[in-house]
Amino acid sequence: MLSRTADHLFWMSRYMERAENTARMLDVNYQTSLLPQSAAMAEQGWRSLLSISELTHDYQSRYQGITARQVMDFMVRDERNPSSILRCLRAARENARAVRGSLTTEVWETTNQTWLEFNRVLADGLLARDPAAVFEWVKFRSHLSRGVSVGTMLQDEAFHFLRIGSFLERADNTARLLDVKFHSVETDFFGNASEKDGDYDFYHWSAILRSVSAFEIYRKVYRNVILPEKVAELLIVRPDMPRSLSHCMHEVVTNLKLVANQQSGETLRRAGRLSCDLEYARIDEILSTGLHAYLTQFLDRVGDLGAGIARDFLVACD
């Protein structure tokens, strides 16, 4: 496969996944902002979201102060923000258009229709009336795109690059989503929540579980009250949880093996080691070092892995 084609497929799926996960992060912050809390704590939640998304500088260069409405506008429909949902869906569509010959008609039409309909959603003013509905719509369209890809595409190299992009982006965003909670309370977590923070933790962790479609899964797996350490275990080391770090990295490694070339050995080794670290990790060991510190290190390793994949497969030299 031409590296140029692989690049478009990889980034098409990454941008679609990024749009979904931006919607998920905004949704969890929007839901928690509705809980009883001080104005300072509510502002800190939005500030943390910008920080974790690495958008603080860009936001401050365009807006005065931090408000929920401004942050949502910036991250949903701001043309100047390269990570906004609007820009991500446009980028996904443009990458799909560049490789239409490698996609089924259903995949192309779903991606193109998502872009067109999102513009209509914004023009209709739904973001101002009901932000949660917009976030749910974006998640639904991403699910539809992924389902159409799995259901209609030949499982060849094109399909594998789509999967690599999706799961690498998902791993990155699941880690960032988990980290939002800790930045919002300006603390780390070492496995023991105080009584004072008990109610606060319950509502915030509940919102996080719902944002990754894991609330019912948590109840089925643990059959217990929502405990921060169990939520962390579910979203980090459980291999059967679709959005966990362990599951995502397993999928990345599986698909990398299927497209491996002569120069990708080191990248595959690093991906395999990260996957194995998660497969054999214990949540109490992770929490003993602090969850924020662990997630920060994980994000660094995922970033390094993405750079390796770009170097080995995606740099257009054909």
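A few points on the structure. (Residues numbered from 1 in each chain as written. Predicted model: local features only at pLDDT ≥ 70, side-chain atom pairs only at ≥ 80, totals over all residues. Heavy atoms only, no water.)

**Considering the environment of V71**
Test applied: Each helix is a run of H or I in the DSSP string that is no shorter than four residues. Each strand is a run of E no shorter than two, and both are numbered from the N terminus. Under the scheme applied here, a residue whose accessible area is under 20% of the maximum for its type counts as buried, over 50% as exposed, and between as partly exposed, the area being computed with a 1.4 Å probe on protein chains only. Two residues qualify as a contact provided that any one of their heavy atoms is within 4.5 Å of a heavy atom in the partner residue.
Counting through the fold element by element, V71 comes out in helix α4 (residues 68-76). The buried category is assigned to V71, whose relative accessible area is 0%. Sequence spacing of V71 and I309 is 238 residues, and the spatial spacing of their C-alpha atoms is 32 Å. Those residues in contact with V71 that lie beyond four places of it in its chain are W46, L50, Y59 and I66.

**Some remarks on the environment of R270**
Test applied: Between N or O atoms, a polar contact is any pair within 3.5 Å; within protein, one atom must be a potential hydrogen donor and the other a potential acceptor, and residues adjacent in sequence are included only when both atoms are from side chains.
By secondary structure assignment, the location of R270 is in helix α14 (residues 265-279). A polar atom in the side chain of R270 sits 2.9 Å from the side chain of E266.

**What about the side chain of E169?**
Within the secondary structure, E169 is located in helix α9 (residues 157-184). Those residues in contact with E169 that sit more than four places away from it in its chain are R14, E17 and R18.

**What about the pattern of salt bridges?**
As a reminder of what qualifies: What counts as a salt bridge is simple: a side-chain nitrogen of Lys or Arg found within 4 Å of a carboxyl oxygen of Asp or Glu.
Here the structure, examined in full by the defined rule, presents 26 salt bridges. Between E54 and R176 there is a salt bridge whose closest N-O contact spans 3.9 Å. One end of the pair, E54, is in the loop between α2 (39-52) and α3 (56-60); the other, R176, is in helix α9, with 122 residues separating them in the sequence. Classification of E54 as exposed rests on a relative accessible area of 62%. One salt bridge in this structure joins D312 and R311, with 3.7 Å as the shortest N-O distance. Residue classification places D312 among the buried residues on the basis of a relative accessible area of 7%.

**Some thoughts on the packing of helix α6 (residues 105-123) against helix α8 (residues 131-152)**
What counts is decided by this rule: Structural elements are reduced to axes, namely lines fitted to C-alpha atoms, with helices fitted over the stretch in contact, and the angle between N-to-C directions of any two is expressed from 0 to 180 degrees. For classification purposes, angles smaller than 35 degrees are called roughly parallel, those larger than 145 roughly antiparallel, those between 65 and 115 roughly perpendicular, and all remaining angles oblique. Residue polarity follows a fixed list, in which Ala, Val, Leu, Ile, Met, Phe, Trp, Tyr, Cys and Pro are nonpolar, Asp, Glu, Lys and Arg are charged, and the others, Gly among them, are polar.
Here α6 crosses α8 at 170 degrees, and the two axes come no closer than 9 Å. By the criterion of interaxial angle, the relationship of α6 to α8 is roughly antiparallel. Residues E106, V107, T110, T111, Q113, T114, E117, F118 and V121 of α6 form the contact with α8, whose participating residues are V134, W137, V138, R141, L144, S145, V148, S149 and T152. In the contact of α6 with α8, the residues fall into 8 nonpolar, 7 polar and 3 charged.

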